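Structural characterization, general
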Amino acid sequence: MKYLVFGDVHANLVALDAVLAAGDRHRVDAYLFVGDLVGYGPEPLECLERLAPLYRDERMAWVAGNHDVVARGDCEPGGFGPEAVATLEWTIEVVRGQQWAMTFLASGHPVAKVDGGIWLTHDSLAAPGSGYYHRATQNASRELASLTAHGGRIAFYGHTHTMRGEVQAGGAVMLTPMTACEHGGKDGDPLRLGPDERAWLGTGSVGFPTKKKGAAEFLILNHADWTIEKYTVPFSREDAKRRVRAVFGPVCEAGIVDKLVKWL
């Protein structure tokens, strides 16, 4: 199987469409999504419409992110920033009027196991749903220990909006380069897992990438040989900004809208 692995769309339809088109070009068999489909962005229903058929047709496995969990009503946005709170309040009004959208959001669990030793989580495998931010190599040790306990070989996570990789070989955990291919070609230097290695990999962000503005980030896992290719694909920043201003301008404070546009 060949999987496209992605996360943190945050209702940015322009970026999501670019990634799905890239999936077609790479001829992937299925998709793995590590959560946060909604929040921050202006097109939650449209993004849900893109992914719901993939899930229905069993071509996508996914886990719910912290923004998704708030949008479906499981908890309040405690600890969220003002941009997240304001956009989620609007998102809640939009999605809760659509039963199909709520049904899809309800289908996301904190973690998901995919055949062949693949695990998905939004923030943590050791403490899923905790809002834990993975920022240092030493913190990957507990995640890789949890992966081992689950009988897994590789775990993908989101939440940090950062493409990042730690690989465990024997007892050592090593930070590994995750330089993405940026020009529409094929990644010539994929990460290759050895027979006794395990990996804890951040997918980066589709909708609000932190490293490469205007370029959505994703990974491709070739399950047959355990190689992971790293990619970015451009999307129209100006179009995404225009949509944010058009939707949130009338309903959010100007400072919040300006911050969202700046992030894009």
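Below is a short write-up of the structure.

Conventions and cut-offs
Residues numbered from 1 in each chain as written. Predicted model: local features only at pLDDT ≥ 70, side-chain atom pairs only at ≥ 80, totals over all residues. Heavy atoms only, no water. Helix = DSSP H or I, 4+ residues; strand = E, 2+ residues; numbered from the N terminus. Buried < 20%, exposed > 50% of the residue type's maximum accessible area, 1.4 Å probe, protein only. Core = buried A, V, L, I, M, F, W, Y, C linked by side-chain atoms within 4.5 Å. Salt bridge = Lys/Arg side-chain N within 4 Å of Asp/Glu carboxyl O. Arc of directions from axis to C-beta. Contact = heavy atoms within 4.5 Å. Pairing = 2+ DSSP bridges. Axes fitted to C-alpha atoms, helices over the stretch in contact; angles between N-to-C directions. Polar contact = N/O pair within 3.5 Å; in protein donor to acceptor, adjacent residues only side chain to side chain. Parallel < 35°, antiparallel > 145°, perpendicular 65-115°, else oblique. Left-handed = near helix turned anticlockwise from the far one by under 90°.

So, on to the environment of R27. The residue R27 is located in the loop between α1 (13-25) and β2 (30-33) in this model. Under the relative-accessibility criterion, R27 is labelled exposed at 71%. Considering only alpha carbons, one finds R27 and K2, 25 residues apart in sequence, at a separation of 8.0 Å.

Here the focus is the nonpolar core. Counting residues in hydrophobic clusters, the biggest one holds 56 residues, and the most contacted among them are F6, L37, L51, M60 and F218. Considering each element in turn, this core owes the most residues, eight residues, to α1. Formed by 24 residues, the second largest nonpolar core is a distinct cluster that contains V34, I118, M178 and A180.

Our next topic: the pattern of salt bridges. Across all of its chains, the model carries 13 salt bridges by this definition. Residue R245 is joined to D258 by a salt bridge in which the shortest nitrogen-to-oxygen separation is 3.2 Å. Remark: D258 occurs in helix α8 (residues 254-263) and R245 occurs in helix α7 (residues 237-248); sequence separation between them is 13 residues. The class of R245 is partly exposed, set by a relative accessible area of 42%. We classify D258 as partly exposed; its relative accessible area is 39%. Linked through salt bridges whose partners overlap, the residues forming this network are E43, D239, R242 and R243.

A separate point is helix α5 (residues 99-106). Of all the residues in α5, the buried ones are A101, M102, F104 and L105. Along the long axis of α5, the arc covered by the buried residues comes to 160°, so they all point the same way. Contact partners of the buried residues in α5: α2 (44-56), β3 (60-62), α3 (66-71) and α4 (82-95).

This part takes up the sheet that holds strand β8 (residues 172-176). Across the sheet, six strands lie side by side as β4-β5-β6-β10-β7-β8; this open sheet has mixed pairing. Only two strands of the sheet have a single neighbouring strand rather than two, namely β4 (111-114) and β8. Between one strand and the next, the sheet's axes are offset by a mean angle of 20°, whatever the strand orientation. Inspection of the sheet shows strand β5 (residues 118-121) paired to strand β6 (residues 154-157) by three bridges, in the parallel sense. Bridged to L120 within β6 is F156. With respect to the sheet, helix α6 (residues 137-149) is in contact with β5, β6, β7 (163-169), β8 and β10 (197-203), its orientation differing from that of β10 by roughly 120°.

Before going further, it helps to examine the side chain of N222. For N222, the position within the fold is in strand β11 (residues 215-222). In terms of polar contacts, N222 uses its side chain to reach the side chain of E229, at 3.2 Å.

Turning our eyes to something else, we now look at the side chain of R72. On the secondary structure map, R72 appears in the loop between α3 and α4. Among the residues examined, R72 registers a relative accessible area of 18% and is labelled buried. Within polar-contact distance, the side chain of R72 engages the backbone oxygen of L105 at 2.6 Å. Excluding residues that lie within four positions of it along the chain, R72 makes contacts with A64, R96, M102, L105, A106 and G108.

Axis separation between α2 and α5 bottoms out at 10 Å; the angle between their running directions is 60°. Our classification of the angle between α2 and α5 gives oblique. Crossing angle aside, the handedness with which α2 passes α5 is left-handed. Between α2, through L45, L48, E49, L51, A52 and Y55, and α5, the contact on the second element is made entirely by W100, A101, F104 and L105.

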